[in-house]
Amino acid sequence: MITETYLNHPTFGLLYSLCVIDARSALYTTLYAQRLFFIVTTSEERLEFSPITRQEAKVTVESRLRLLRRSGTRQDYDQLQLVHQQTFQ
């Protein structure tokens, strides 16, 4: 099952979730252009938006792909592989 997650950034508008990084953070990109990338970290009080470069975002997704491949989560791996291809190639 594919779930889509969106956040509203105060300056850049609607952001689309590319992947979960860990229990408290995820990688997001701008919805239409997919040129600006953010690590969004959640806490009990707020969301923190940390801008990163396209190359850093690509490395983050590739790192998550390696983790999913080792853990044997094939469906999640296939979905993220598709996101990687659509976003970075």
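Up top you'll find the structure we're talking about.
The rules behind each value
Residues numbered from 1 in each chain as written. Predicted model: local features only at pLDDT ≥ 70, side-chain atom pairs only at ≥ 80, totals over all residues. Heavy atoms only, no water. Phe/Tyr/Trp six-rings, centres within 6.5 Å; stacked < 30°, edge-to-face > 60°. Helix = DSSP H or I, 4+ residues; strand = E, 2+ residues; numbered from the N terminus. Buried < 20%, exposed > 50% of the residue type's maximum accessible area, 1.4 Å probe, protein only. Core = buried A, V, L, I, M, F, W, Y, C linked by side-chain atoms within 4.5 Å. Contact = heavy atoms within 4.5 Å.

**With respect to the packing of aromatic side chains**
Next up, step 1: Inspection of the entire model under this criterion finds four aromatic pairs.
Next up, step 2: Pairing Tyr6 with Tyr16 gives two aromatic rings, centres 5.6 Å apart and planes at 50°, and the pair type is tilted. Highlighted residues: Tyr6 in strand β1 (residues 6-9) and Tyr16 in strand β2 (residues 13-22), separated in sequence by ten residues.
Next up, step 3: Since its relative accessible area comes to 37%, Tyr6 is described here as partly exposed.

**Some details on the nonpolar core**
Next up, step 1: Ranked by size, the top nonpolar core spans 16 residues in total, and within it Leu18, Leu27, Phe37, Ile52, Ala57, Val61 and Leu80 carry the most contacts.
Next up, step 2: When residues of this core are traced back to their parent elements, those giving at least two are β2, β4 (37-42), α1 (54-71) and α2 (74-88).
Next up, step 3: Those residues in contact with Phe37 that lie beyond four places of it in its chain are Leu18, Leu27, Tyr28, Thr29, Ser50, Pro51, Ile52, Thr53, Arg54, Ala57, Thr87 and Phe88.
Next up, step 4: Within the second largest apolar cluster, six residues are counted, among which are Leu7, Ala26, Tyr28 and Val40.

In short, geometric facts, not functional conclusions.
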